[in-house]
Amino acid sequence: MFEQRDGHALTMMMICVAAMGMASRPLLAQQAAPPARFVGSDSCKSCHEQDYNGWKQTRMANVVRDPKEHPEAVLGDFAHPTAAVNFGLDQVAFVYGSRYKQRYFTKRGDDYFPLPAQWDVRKKQWLPYHVEAGTDWWVPFYGPTNFDRPTGPTCDGCHSVNYNVQTKQVTEWNVGCEKCHGPGSEHVAHPTKANIVNPAKLDYVRGNDTCIQCHSQGQPLSAPTKGHAYDWPVGFLPGERLADFWKLEEVKPGVTNFYQYADLTAHKNRMQGNDFVQSVMYHRQIRCFDCHEVHRNQNESNLMDKGNALCLMCHTKQNPAGLKGTVSEHTHHAENSAGSQCTACHMPLIEQTIKDNFVAAHTFRFISPRETEQSGIPNPCTSCHTDK
């Protein structure tokens, strides 16, 4: 009887093992499946036409453009060049930028290089362009001229989708859909919520990392080498932790340098992420796209709403961080005046993007005149009241 039971148990065990083996085959096949590939933003249009068409009008979709294909993208006055403009439009392979500045890239071999002049969009004037020694961290790893400094390592990883550091090829230029949603081949073939990254569904750190990958100053974790110092997080994909690829510039309290003021507010452009991670809003799990809608171009900076209406969506009287009276009572400025804009005090224009052109801070701290006296950081009061 015991032998019969043992034989029966052995038979059942073999059946279970076989069943487990069969059940594991799809899992093994799934594990062995090739990773998703980048397919380009045009692949998204048929299903996401409204978002695609809205994104297509944004600056992110038009960061770099070929002037031969898009002559309307050229903002610089090539009819009246200055001494810094020692090149013609026929030498320009790409124009870069359209809001504050426009720079010009030429192609030599399989690399692009920045030409030595840039156009100040707001002041409509030519300025020299050259990254000086003692500024960006990567400068010592390249030669002294613009033609020693290809844009691939210094720029192109953030102005394209899937820049390949080996081949120097991209899936597409500009900040396309897959820059934020990851490679989309599986989703295009079989659309489900499970096979594409939606930053809005990520935790707040990974969600913000999607934007901070490019809107920050930092250094890659891998040690740079001569001619290969990448000023963007090589290998990072949406949904991953940016900290596994990229280290934000070190903050140094009480120090004013190329990157920061003494209170740790950023000193230059492309440091929105460096500012934001210091903010109370970041630590309350607010995401960049709670304020910015990258699929729309209706408001400046792709904001969800205009002026104070954006801030007051959350900072209500019921919110402990909301207003306790009217806006003018809070700001001590006339209603609807420039001084009564939330951003006037909490996002002062103090971070330089080009000579005498400044962009908004993103720490959302109020910088008082006392701090100006103590450390020299500009404050929003005397930035407007220049006679004080």
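Owing to the predicted nature of the structure, the values given are computational and were not obtained by experimental measurement.

A. Structural context of the pattern of salt bridges. Under the definition given, this model contains 10 salt bridges. Put simply, E300 and R99 hold a salt bridge, and the shortest N to O gap is 2.8 Å. One end of the pair, E300, is in the loop between α8 (280–283) and α9 (308–311); the other, R99, is in the loop between β2 (94–96) and β3 (101–108), with 201 residues separating them in the sequence. R287 is paired through a salt bridge with D290; the nearest N and O atoms lie 3.0 Å apart. Residues participating in the shared-partner salt-bridge network are D110, D111 and K168.

B. Here's a closer look at the sheet that holds strand β5 (residues 125–128). Taken in spatial order, the five strands make up an open sheet running β1-β2-β3-β4-β5, and their pairing is antiparallel. Both edges of this open sheet fall to β1 (64–65) and β5, since each of them pairs with a single strand only. In this sheet, β2 lies alongside β1 in antiparallel orientation, the contact comprising two bridges. If you follow V64 over to β2, its bridge partner there is Y96.

C. Summary view of the state of the cysteines. All told, the structure shown has one disulfide when counted by the stated rule. Disulfide partner of C158: C214, at an S-S distance of 2.4 Å. Of note, the bridge from C158 to C214 carries an S-S torsion of about -100 degrees and is left-handed in sense. With a gap of 56 residues between them, C158 in the loop between α3 (151–156) and β6 (160–161) and C214 in the loop between α6 (204–212) and β8 (218–220) connect regions that are remote in the sequence. A residue is classified by how much of its surface remains accessible, and C158, at 10% relative accessible area, is buried.

D. Structural view of the confidence of the model for the protein chain. In this model, the protein chain carries an average pLDDT of 91, and 91% of its residues clear a pLDDT of 70 or more. Scored below 50 in pLDDT, residues 1–30 shows zero contacts in the model against residues more than four places distant or in partner chains.

E. Inspection of α6 at higher detail. Buried within α6 we find V205, G207, N208, D209, T210 and I212. In this structure, the buried residues of α6 make contact with α4 (177–181), β9 (246–248), α7 (272–276) and α8. Its side-chain oxygen placed 3.0 Å from the backbone nitrogen of V205, D203 serves as the N-cap of α6.

F. Just the environment of K324, in detail. Topologically, K324 is positioned in the loop between α9 and α10 (327–331). Sequence separation between K324 and P253 is 71 residues, and the spatial gap between their C-alpha atoms is 32 Å. Here P320 takes part through its backbone oxygen, which lies 3.3 Å from a polar atom of the side chain of K324. A distance of 3.0 Å separates a polar atom in the side chain of K324 from the backbone oxygen of G322.

G. Molecular detail of helix α2 (residues 49–56). Within α2 the residues assigned to the buried category are Y52, G54 and W55. The buried residues of α2 occupy an angular sector of 165 degrees when projected down its axis, which confines them to one face.

H. Highlighting the side chain of E172. Within the element layout of this structure, E172 appears in strand β7 (residues 172–173). Buried within the structure, E172 lacks any salt-bridge partner; K56 is the closest side chain of opposite charge, at an N-O distance of 6.2 Å. Of the polar contacts made by the side chain of E172, one reaches the side chain of S41; its length is 2.7 Å. Excluding residues within four positions of it along the chain, E172 makes contact with G40, S41, S160, V161, C177 and E178.

I. Spatial organisation of the pairing of β5. Direction of pairing for strand β4 (residues 111–120) relative to β5: antiparallel, over a ladder of four bridges. Bridge pairing in β5 places A117 opposite P128. Here β4 hands over to β5 after four residues, with K124 in that stretch at a positive phi of 50 degrees.

J. Up close: the environment of P380. For P380, the location among the structural elements is in helix α13 (residues 380–384). In this structure the C-alpha to C-alpha distance between P380 and G339, which are 41 residues apart in sequence, comes to 9.2 Å. Those residues in contact with P380, other than ones at most four positions away along the chain, are A344, C345, P348, F366 and I367.

What counts and how
- Residues numbered from 1 in each chain as written.
- Predicted model: local features only at pLDDT ≥ 70, side-chain atom pairs only at ≥ 80, totals over all residues.
- Heavy atoms only, no water.
- Salt bridge = Lys/Arg side-chain N within 4 Å of Asp/Glu carboxyl O.
- Helix = DSSP H or I, 4+ residues; strand = E, 2+ residues; numbered from the N terminus.
- Pairing = 2+ DSSP bridges.
- Disulfide = S-S within 2.5 Å.
- Buried < 20%, exposed > 50% of the residue type's maximum accessible area, 1.4 Å probe, protein only.
- pLDDT = per-residue confidence, 0-100.
- Contact = heavy atoms within 4.5 Å.
- Polar contact = N/O pair within 3.5 Å; in protein donor to acceptor, adjacent residues only side chain to side chain.
- Arc of directions from axis to C-beta.
- Lys, Arg positive; Asp, Glu negative; His and termini not counted.

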